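Examination of the molecular architecture
One letter stands for each residue in the lines below.
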Amino acid sequence: MNKLEIQSKIYHFDNDDNLYFVTVILVDEEPIADFSYYATSLTELKKSIEQKGNYFILTCWCGIPDCAGIDQGIQVIHYQNAVKWTIHQPKPNRTFIFPANDYKIIITEAIEQIKLDIANLWFTQVEEKNSKLEIVPRWEDDKALIKLLNINQFLP
Ligand SMILES: [Zn+2]
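So, a few notes on the structure that sits alongside this text.

Calculation rules
Residues numbered from 1 in each chain as written. Predicted model: local features only at pLDDT ≥ 70, side-chain atom pairs only at ≥ 80, totals over all residues. Heavy atoms only, no water. Donors = N, O, S within 2.8 Å, 3.2 Å for Na, K, Ca; no water. Buried < 20%, exposed > 50% of the residue type's maximum accessible area, 1.4 Å probe, protein only. Salt bridge = Lys/Arg side-chain N within 4 Å of Asp/Glu carboxyl O. Axes fitted to C-alpha atoms, helices over the stretch in contact; angles between N-to-C directions. Helix = DSSP H or I, 4+ residues; strand = E, 2+ residues; numbered from the N terminus. Parallel < 35°, antiparallel > 145°, perpendicular 65-115°, else oblique. Left-handed = near helix turned anticlockwise from the far one by under 90°. Contact = heavy atoms within 4.5 Å. Nonpolar A, V, L, I, M, F, W, Y, C, P; charged D, E, K, R; others polar. Phe/Tyr/Trp six-rings, centres within 6.5 Å; stacked < 30°, edge-to-face > 60°.

**Thoughts on the coordination of the zinc ion**
- Here the zinc ion is held by the protein donor atoms Cys 60 (SG), Cys 62 (SG) and Cys 67 (SG), which lie 2.1 to 2.3 Å from it.
- In the primary structure, the donors to the zinc ion are separated according to the pattern C-x1-C-x4-C.
- Cys 62 gets classed as partly exposed once you look at its relative accessible area, which sits at 33%.

Shown next, in the form of structure tokens:
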């Protein structure tokens with residue numbers, strides 16, 4: 001079985017003042033993609049807890065998978081004791097198997113932690129450094145993500 005981890009990471013670039021809040025997926029302690037280019041859709045990840053399907057868990061920073069060359073989601077299959085991921089894009093093709101018990105817990109807890117991380121950042125970093133916090137993938141128009149992360153409280 002493989003080990004799934006979900007972490008948040010802040011990216012900052014020299015050419016703007018924004019802080020970019022990125023969710024990183026690691027399997028067996030390795031990021032499954034280059035998260036300075038690809039992004040994690042928490043709404044898709046959450047949906048994958050409940051039932052099998054193809055989910056655009058990996059997408060572009062702007063939220064449109066196609067834009068990053070992804071037209072095939074991660075195939076998620078639920079077995080009695082395991083959840084299987086088959087990734088075709090980005091290359092290479094990969095298959096991961098996670099313990100079913102852990103899968104829901106890891107994702108649910110990660111989302112709760114990310115909510116806290118974002119709330120903390122909003123009140124500390126943003127004011128201190130006078131920079132703008134951007135949640136990646138682009139969140140302003142994503143009603144499902146706004147609801148999931150309870151970030152409507154921060155909207156102007
Ligand atoms: Zn894009």
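**A word on the pattern of salt bridges**
- Applying the stated criterion to the full structure yields 7 salt bridges.
- Arg 138 is the salt-bridge partner of Asp 141, the closest N and O atoms lying 3.3 Å from each other.
- Residue Arg 138 is classed as partly exposed on the basis of its relative accessible area, which comes to 42%.
- When salt bridges with common partners are traced through the structure, they connect Lys 3, Glu 5 and Glu 29 into a single cluster.

**Quick notes on the packing of helix 1 (residues 42–50) against helix 2 (residues 100–123)**
- Contact geometry of helix 1 with helix 2 gives a least axis separation of 9 Å together with a crossing angle of 150 degrees. With respect to helix 2, the axis of helix 1 lies roughly antiparallel. As helix 1 packs across helix 2, the resulting crossing turns out to be left-handed. Each of Leu 42, Leu 45, Lys 46, Ser 48, Ile 49 and Glu 50 in helix 1 lies in contact with helix 2, whose residues at this interface are Tyr 103, Lys 104, Ile 107, Thr 108, Ile 111 and Ile 114.
- The residue inventory of the contact of helix 1 with helix 2, partitioned by class, reads 7 nonpolar, 2 polar and 3 charged.

**Quick word on the packing of aromatic side chains**
- This model, assessed by the stated rule, comprises 11 aromatic pairs.
- An angle of 55 degrees between the planes, with centres 6.0 Å apart, marks the rings of Phe 13 and Trp 61 as tilted. Of this pair, Phe 13 sits in the loop between strand 1 (4–12) and strand 2 (19–27) while Trp 61 sits in the loop between strand 6 (58–60) and strand 7 (74–78), and the two are 48 residues apart along the sequence.
- Take Trp 61: its relative accessible area is 16%, and that puts it in the buried class.
- Each ring, one from Trp 122 and one from Trp 139, has its centre 5.7 Å from the other, and the planes form 90 degrees; the classification is edge-to-face. Highlighted residues: Trp 122 in helix 2 and Trp 139 in the loop between strand 10 (133–135) and helix 4 (143–149), separated in sequence by 17 residues.
- In textbook terms, an aromatic cluster arises when at least three aromatic residues are bridged by ring pairs, as seen for Tyr 11, Phe 13, Tyr 20 and Trp 61.

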